[in-house]
Amino acid sequence: MEASTLRKLIHLSFIVALSLPFIFPINIPISVNKSTQDAYNTVESIPEGSIALINFDFSTQSAPEVYPQALAFLKHAIRRHFKFVITTFESPDAVLYAKQALASVDLTGYKYGKDYVHLGYFPGKETSISAFGRDVHGLVKTDADGSSIVDMPLMQQIQSAKDISIWLIGSYNSQPFITQIYAPYNAIMISASDGSSYQSLYTYYQSKQLKGLLNGARGGAEYEGLLGYAGQAKAIMNVQNFSHVFFIGAIVIGNIIYFRRGKKQ
Amino acid sequence: MSLIRRDLPVWIAFLVGVIILADYVFTFPGLQVASTTLTNWAVIVTAFSFGIGALNIIQRQSKIIIRRDKYWIYSVVLIIILFGTLGIGLVGSINHPYYKILFDNVMAPLNVTMSSMLAFFLASAAFRVFRAKNFESILLLIAAVFVMLQNAPIGELIWPGLPVIGDFFVTGFAAGGNRGIQIGAAIASIGFGVRILIGQEKRWFGRTE
Amino acid sequence: MNLTLAILLEAACTFAIWSYLYKENPVYRLFEYVFIGISVGHILVMSISSINGSAIVPLLAGNVLYIIPIILGFTLYFYFSRSFYYLYRIPMALLVGTGVGLGIRGAAHSTIINQTIANISLFKLGMDWLSLLKGLAIVVGSVSVLYYFIFTYYVEQKGVIKNAMRLPRYFIMLTFGALLANVVMVRTSYLSGRLIFLWTTDAIYTIPIAIAIFSIGILYDKGFLHIKKK
Amino acid sequence: MLITILILFACFIFFLQRAKKSIIPVRRLAPIDAIEEGIGRAVELGRPVHWTPGYGSAEHAGGVGSSSGLSLLSGMTILAYVAKICARRGAELIATFANPELVPLASELIKDAYVSENKLDEFKPENIQFISSRQYAFSTGLLGLFQRERIATNIMTGSFGAEALIIAEGAQIAGAFQVAGSDGTTQLPVIFAVCDYTLIGEEFFAAAAYLSDDPTPRGALRGQDLFKFGLIVFTIVGTIAMILGFNIVNYIKM
C-alpha cells in the first residue's frame, strides 16, 4: 500500500475509533488517586456556608481538560452550600466558560450578590492575584457584567484573602496562587491541573502547600466519580482509553507490517 | 558611521543584558527598577514590531493580487478580512458584536480544531516511528508502550503493576535523560548568550556592513 | 449570535480544517486565509491597545520616560529605509539584550543549579531500594547525557569511547519514548474536546452532511464526477 | 549562585582567549552535514527549501525580547548557513515567521548570503513570509504552504511549541526531507520522532559555534565542556556523599 493511502487510512480509523465511546458508552472504572481524594476531603472538611473562591482559568485549548475540573469544584461548592465568588486572572476566554458553568448548574436557594458573585477577568496575572489578596475592593470595582460590587452583601464580607475560607483553583497553573496567596495568608487551597502542569504542581502537593490536586482530565473524572455523576471529564477519559488502545494497536500493526516487509526483501 | 552602525547596538545589547543579569544576582533597588523598566520597554517595542509583520503580509499579498498569481482570490479574502477585523476592532471595540462573532465563532473554533489535528498527526507519526528497527528504537518503543499503559485507565485494569512500571519510566529514566538534556542546553545557551553580549556573535545584525 | 448559526459555523470550521487530512483543498485554503486574516487583524488590534495602555497612557499621565520605547518602536520601521536601515538595530539591540539577559537568568538558575541540586537531594542514608534505584536511574541518566554533549574532547570516537557513547543515547531514547507517550494524553484531550462538541451538542446533525460533502469531494477528486467537456 | 555563574564565565573567557592561538577540534554534527544534503536534494527536485524558527511564544509577549530569544537567535545563525548554501547551490529558500521582529533580520541575512555569492538577482524578498503570530494560525498557514509550494526540504531551528508536530508532520506529508533543532525538551521528542536529523538540546547551540568560520567560538565550546566535567564530578561525588549520609545540600543552599 502506498504511504499516503496508509496515512489517510490511519487518520480515518483514528476518528472512527475515538467516536465509538459516544455511540456505545462504556464505563471503565477509575480508581481514585490519593491527591484527588485529599482534594475532596478538604472541601468536605470546610463548614457549610463558608465563603469559597472558585478560579476559572484556561484557554479554549486547555478547556476540554480543565473546564470539567472547575465545573466539578463549582458543583461541590454548591452541594456544600458555600457562598462563592468566581474569578479569572490569566485567560479572558475562561469568563465565558464560567458563565456557561453557572448556567448549567442548579442554583436554587442561591441569590446573585448575596450568595454568589461572578467577578470576571482582571488583567495583570500574578500582580493582580497579589493585589486581590491584599485588598479585594482596591482591585475589583465591578462584576463580570459591569455592575458595581459595592452594594453586594457578599462582597461586603470579603475584604481580603483572609475572608475566604477555601480556594478552589480551576486553572492549569495554580503556581502564582501558591506564591501570592498561600505563602502570605496560609490559605487552604486545592487545584486542578492539565497533563503538562501536573508534575510541577505535584511538588506543592507533597509539601502540603496544596491540600489536594487533580491530575488533568483523569483527576476530573475521579472527582466527578466522588461527587456521583459522570460528566465531561469521564467522557474524555473514555476517549482516552480508546485512543491509547488505538495507539498501542497502531504500533503493533506498524511493527507487523515492518517485519513482513523486511522478510520479503 | 560605523559607530552607530556596528558599535552602538553591541553596546546597548551588552548594557541591557548586564543590567538584567545584575538585577538577578544582586539585590539592589535601583537595579530592580532599571531591569523592570527595560523588560517593559522590550514588550512595548515587540508590540510595535507586529506592524512590520502586517506590512510584510500586505506587501506580499498585494503583489500576488496585482500579478493575478494562482490563488490570488484567496489573497483578496485575506486582505478584506484583515482590514475588516482591524477596522471593527479599532473603530468599535473588541466588545463589538461583529468582532465577537469573528473571534468566538470563527477564530476560536479554528484554533481548537487545529490543535486537535495534533492528535491525528501523532497517530500517523506513531505508526511510522515506533518500529523495532534496532536496539535504540526498541527502547523508544518499550518506554512509550509502558507509559501509555500507565496513562490510560485501561492499563490498571489489565494488571495493577503496569502503572508502577510506567511511573518508573517517567519519573526515573525520562526524568534523568530530560535533566541531562536540559542542563546541557542551559550551559550552551549561556555560552551563546555571553558570546552575543561581548559582541562576538553578530549574526543577529542581519547585514554584515 | 443565533445559536444554530453559531453551531453551524463552528462545525464548518471543524470539518474544513479536518479535510486537510485527505488533501489540501479549496475549502481548507479559504479557512486558512480567513484564519490568518482574523488572527493578524486581532494581533494588530491587541498590540495597538497594549501600546496605548502600557506606553501612551502613562506618557500622557506625565511619565516622560515612556517616550523612549515609543521612539524605539518607531525606529524599527527604519528597516524599510534604504539609507538609514541600520537604525533599526538599536531597538533590536534592546530586544536582544533583554532576551539574552532573561535567557541566561532562566538557564542559570532554574536549570543548572536547581536541577543539579535536585539530582543529589534524591538520596539520603537508609532509603528504600525502589527509590534508590529510581534515584540512580535519574543520576546515571543525567550524567551520561551530559557526557554525550561533550564536543571538543574525544573528537575521534573509537573503541571504548564509542561504546561509552551508546549509554547516553539509550537514555535519550527512553526519555523520548516516555515523553512522546505523555504527549498522546494531552493531544487526545484536545481532540476529545472537538468530539464532545460534535457528538453531544446539536452539531451532531452536521455529521451526516459533512460525510456526504466529503464523499462527493473525494469522488470528484478521484475523477468519477468529471463531466466530459467537448 | 553567583559563584556558579562566575566559574562558568571564567571558563568561557579563558578558553576564548586560548582559542585565538590554537584550533580546537570539534566533534562532527551529522544534522549540520545533513543540511547540505537536504539542499542538494531540493536542487535536484527543483523544489524549494523551507526554513522556520517556530512560533517562539509570539502570542504571549515572547519573541527575541523574552526568554525564548536565545533559541530564536541561535536558530537564526543556522539560517545564515542555510541561506549561504541555498545561494551557492541555487535552491529557492522560503523562510516563514511568527515573530515579526525577526523578519527584517532574516531578510538582511538572506540577502547578504546572496550578495556574498554574487547572486543578488536570484534573491526573492517575497519568500520571507510573516504568517501569523497566533500559534495555530501560523501552523495552518504552513500546512497550506507546504502542499502548494511542494517543498523538498524542511529545516526548523528555533523555539517551538505544540505546533512543532504540525509543521514536521505536515512537511512529512508533503514528502520533505527534514532537519530540525531545538532546546526545549517538551518538543524535542516529537521533532526527533518525525524528522530525519535532529540537533538535540546542546547540539543546537553548539551548531552556532560549529558553523562559524572564526575559530574563537570553539573556545566557548571547550569552556562549556570543562564546566560539564566539573558538574559531572560534582554530581557523582554529591550522590555518593548523600547515600553515605553527608548532607552536603545544606551547605550549598546557604
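Residues numbered from 1 in each chain as written. Chains lettered and ligands numbered in written order. Predicted model: local features only at pLDDT ≥ 70, side-chain atom pairs only at ≥ 80, totals over all residues. Heavy atoms only, no water.

## Some points on the overall build of chain C
Line of reasoning, step 1. A tally of helices and strands in chain C yields eight helices and zero strands.
Line of reasoning, step 2. The order of α-helices and β-strands along chain C, N terminus first, is α-α-α-α-α-α-α-α.
Line of reasoning, step 3. Taken over C-alpha atoms, the radius of gyration comes to 29 Å for chain C, far larger than the 17 Å a tight globule of 230 residues would show.
Line of reasoning, step 4. Viewed in the frame of its principal axes, chain C has a C-alpha envelope of about 80 × 60 × 45 Å.
Line of reasoning, step 5. In chain C, which comprises 230 residues, the share counted as buried stands at 54%.
Line of reasoning, step 6. Long-range contacts, defined here as pairs at least 24 residues apart, represent 35% of the contacts in chain C between residues at least 6 apart. (Helix = DSSP H or I, 4+ residues; strand = E, 2+ residues; numbered from the N terminus. Rg over C-alpha atoms; globule rule 2.2 N^0.38 Å. Buried < 20%, exposed > 50% of the residue type's maximum accessible area, 1.4 Å probe, protein only. Contact = heavy atoms within 4.5 Å.)

## Concerning the interface of chain B and chain C
Line of reasoning, step 1. Chain B puts 104 residues into the contact, and the matching count from chain C is 105 residues.
Line of reasoning, step 2. Around 9900 Å² of area is buried between chain B and chain C when both sides are counted, 80% of it from carbon and sulfur atoms.
Line of reasoning, step 3. Seen at the junction of chain B and chain C, the total is three salt bridges.
Line of reasoning, step 4. Where Arg105 of chain C meets Asp23 of chain B, a salt bridge forms, and the shortest distance between an N and an O atom there is 3.4 Å.
Line of reasoning, step 5. There are 13 residue pairs in polar contact (both at pLDDT 80 or more) connecting chain B and chain C.
Line of reasoning, step 6. Broken down by secondary-structure element, the contributors of at least two residues to the side of chain B that touches chain C are α1 (2-25), α2 (29-67), α3 (72-91), α4 (97-129), α5 (135-151) and α7 (162-197) of chain B.
Line of reasoning, step 7. Among the elements that line the side of chain B that touches chain C, the one with the most residues is α7 of chain B, at 26 residues. (Buried area = accessible area lost by both parts, 1.4 Å probe. Salt bridge = Lys/Arg side-chain N within 4 Å of Asp/Glu carboxyl O. Polar contact = N/O pair within 3.5 Å; in protein donor to acceptor, adjacent residues only side chain to side chain.)

## What to know about the pairing of strand β4 (residues 153-158) of chain D
The two faces of a sheet get side chains in turn, since along a regular strand they alternate between them.
All names here are of chain D.
Line of reasoning, step 1. For β4, a buried count of six out of six residues is recorded, marking the element as mostly surrounded by other parts of the structure.
Line of reasoning, step 2. What you see with β4 is no split at all: Thr153, Ile155 and Thr157 on one side and Asn154, Met156 and Gly158 on the other are buried throughout.
Line of reasoning, step 3. Note: strand β1 (residues 49-52) against β4, four bridges, orientation parallel. Opposite Trp51, over in β4, you have Ile155 as the bridge partner.
Line of reasoning, step 4. The pairing of β4 with strand β5 (residues 177-182) spans six bridges and is parallel. By the bridge assignment, Met156 is partnered in β5 with Ala180. (Pairing = 2+ DSSP bridges.)

## Description of the packing of aromatic side chains
Any two aromatic rings considered together are summarised by their centre-to-centre distance and by the angle between their planes.
Line of reasoning, step 1. Per the stated rule, a full pass over the model turns up 46 aromatic pairs over all chains.
Line of reasoning, step 2. Ring geometry for Tyr40 of chain A and Tyr223 of chain A: centres 6.0 Å apart, planes at 70 degrees, overall edge-to-face. Of this pair, Tyr40 of chain A sits in helix α2 (residues 34-45) while Tyr223 of chain A sits in helix α10 (residues 216-227), and the two are 183 residues apart along the sequence. Take Tyr40 of chain A and Tyr223 of chain A: they sit in the same class, and that class is buried.
Line of reasoning, step 3. Consider the rings of Tyr71 of chain B and Tyr74 of chain B, whose centres lie 6.1 Å apart with planes at 70 degrees: the pair is edge-to-face.
Line of reasoning, step 4. Members of the aromatic cluster, each reached through a chain of ring pairs, are Phe14, Phe246 and Phe247 of chain A, Phe120 of chain B together with Phe15, Trp18 and Phe214 of chain C.
Line of reasoning, step 5. The ring of Tyr205 of chain A has Lys208 of chain A lying over it, and the distance from NZ or CZ to the ring centre is 5.5 Å. (Phe/Tyr/Trp six-rings, centres within 6.5 Å; stacked < 30°, edge-to-face > 60°. Lys NZ or Arg CZ within 6 Å of the ring centre and 35° of its normal.)

## A few points about the confidence of the model for chain A
When pLDDT is low, close inspection of the predicted coordinates is not appropriate.
Line of reasoning, step 1. Per-residue confidence for chain A gives a mean pLDDT of 85; residues scoring 70 or more make up 98%.
Line of reasoning, step 2. Between the elements of chain A, mean pLDDT differs from a low of 78, seen in helix α9 (residues 198-206) of chain A, to a high of 92, seen in strand β1 (residues 51-57) of chain A. (pLDDT = per-residue confidence, 0-100.)

## Some words on the pattern of salt bridges
Line of reasoning, step 1. Following the criterion strictly, the structure yields 19 salt bridges over all chains and no others.
Line of reasoning, step 2. Notably, a salt bridge pairs Glu44 of chain A with Arg80 of chain A, separated by 3.6 Å at the nearest N-O pair. One end of the pair, Glu44 of chain A, is in helix α2; the other, Arg80 of chain A, is in the loop between α3 (63-79) and β2 (83-88), with 36 residues separating them in the sequence.
Line of reasoning, step 3. As a salt-bridge pair, Lys124 of chain D and Glu92 of chain D come within 3.6 Å of each other at their nearest N and O atoms. Placement of the pair is Lys124 of chain D in the loop between α4 (102-116) and β3 (128-130) and Glu92 of chain D in the loop between α3 (69-89) and β2 (93-97), with a sequence separation of 32 residues.
Line of reasoning, step 4. Look at Lys124 of chain D and you get partly exposed, because its relative accessible area is 38%.

## Digging into the confidence of the model for chain C
All names here are of chain C.
Line of reasoning, step 1. In the predicted model, chain C carries a mean pLDDT of 84, and the fraction of residues at 70 or more is 94%.
Line of reasoning, step 2. The weakest mean pLDDT in chain C belongs to helix α6 (residues 159-164) at 71; the strongest belongs to helix α3 (residues 67-75) at 90.
Line of reasoning, step 3. The complex model carries a pTM of 0.87, and its ipTM stands at 0.85.

## A short note on the packing of α5 of chain B against α7 of chain B
Residue and element names in this part refer to chain B.
Line of reasoning, step 1. Two numbers describe how α5 lies on α7: the axes approach to 8 Å, and their chain directions differ by 125 degrees. Judged on the interaxial angle alone, α7 and α5 are oblique. Note that α5 runs across α7; the crossing there is left-handed. Listed contacts from α7 to Ile142, Ala143, Phe146, Val147, Leu149 and Gln150 of α5 are Leu162, Pro163, Ile165, Gly166, Asp167, Phe169 and Val170. (Axes fitted to C-alpha atoms, helices over the stretch in contact; angles between N-to-C directions. Parallel < 35°, antiparallel > 145°, perpendicular 65-115°, else oblique. Left-handed = near helix turned anticlockwise from the far one by under 90°.)

## A word on the sheet that holds β3 of chain D
Residue and element names in this part refer to chain D.
Line of reasoning, step 1. Ordered by their spatial adjacency, six strands build an open sheet running β3-β2-β1-β4-β5-β6, and the pairing between neighbours is parallel. The open sheet terminates on both sides in strands that have one partner only, identified here as β3 and β6 (197-200). Ignoring which end each strand starts from, the neighbouring axes of this sheet average 15 degrees apart.

## What about the pairing of β1 of chain D?
All names here are of chain D.
Line of reasoning, step 1. Residues of β1 alternate between two faces, with Val49 and Trp51 on one and His50 and Thr52 on the opposite face, all of them buried.
Line of reasoning, step 2. Alignment of β1 against β2, held across three bridges, turns out to be parallel. Its bridge partner lying in β2, Trp51 is registered against Ala95.

## Digging into the interface of chain D and chain C
Line of reasoning, step 1. Between chain D and chain C, the residue contacts involve 68 residues of the former and 60 residues of the latter.
Line of reasoning, step 2. In total, about 5700 Å² of surface goes out of reach between chain D and chain C, with carbon and sulfur atoms giving 75% of it.
Line of reasoning, step 3. Linking chain D with chain C are two salt bridges.
Line of reasoning, step 4. Note that Glu24 of chain C and Arg148 of chain D form a salt bridge whose closest N and O atoms lie 2.7 Å from each other.
Line of reasoning, step 5. For the pair chain D and chain C, the number of links is seven residue pairs in polar contact (both at pLDDT 80 or more).
Line of reasoning, step 6. Within the residue set of the side of chain D that touches chain C, elements represented by two or more residues are α1 (2-19), α3, α4, α5 (135-149), α7 (188-194), α8 (202-211), α9 (217-244) and α10 (249-252) of chain D.

## A closer look at the sheet that holds strand β3 (residues 116-121) of chain A
All names here are of chain A.
Line of reasoning, step 1. Taken in spatial order, the six strands make up an open sheet running β3-β2-β1-β4-β5-β6, and their pairing is parallel. Among the strands making up the open sheet, the edge pair consists of β3 and β6 (212-213).
Line of reasoning, step 2. As judged from the three bridges shared by strand β4 (residues 166-171) and strand β5 (residues 189-191), these two strands associate in the parallel manner. Its bridge partner being in β5, Trp167 is matched across the sheet by Met189.

## Quick look at the environment of Leu191 of chain C
Line of reasoning, step 1. Looking at where Leu191 of chain C falls in the secondary structure, it is placed in helix α7 (residues 166-200).
Line of reasoning, step 2. Residues within four places of Leu191 of chain C in sequence aside, it is in contact with Phe14 and Leu18 of chain A, Ser116, Ala119 and Phe120 of chain B together with Trp18 of chain C.

## A look at the state of the cysteines
All names here are of chain D.
Line of reasoning, step 1. Per the stated rule, a full pass over the model turns up zero disulfides over all chains.
Line of reasoning, step 2. Unpaired in this structure, Cys86 has its nearest cysteine sulfur neighbour in Cys195, at a distance of 17 Å.
Line of reasoning, step 3. In this structure Cys86 comes out as buried when scored by relative accessible area, which is 0%. (Disulfide = S-S within 2.5 Å.)

## Quick look at unusual backbone geometry
Line of reasoning, step 1. Phi at Asn186 of chain A takes a positive value of approximately 55 degrees, unusual for a residue other than glycine.
Line of reasoning, step 2. Mapped onto the elements, Asn186 of chain A comes out in the loop between α8 (175-185) and β5.
Line of reasoning, step 3. Given a relative accessible area of 54%, Asn186 of chain A falls into the exposed group.
Line of reasoning, step 4. Here Arg150 of chain D, not a glycine, exhibits a phi torsion of approximately 50 degrees, which is positive.
Line of reasoning, step 5. For Arg150 of chain D, the location among the structural elements is in the loop between α5 and β4.
Line of reasoning, step 6. Here Arg150 of chain D falls in the partly exposed class, since its relative accessible area comes to 47%.

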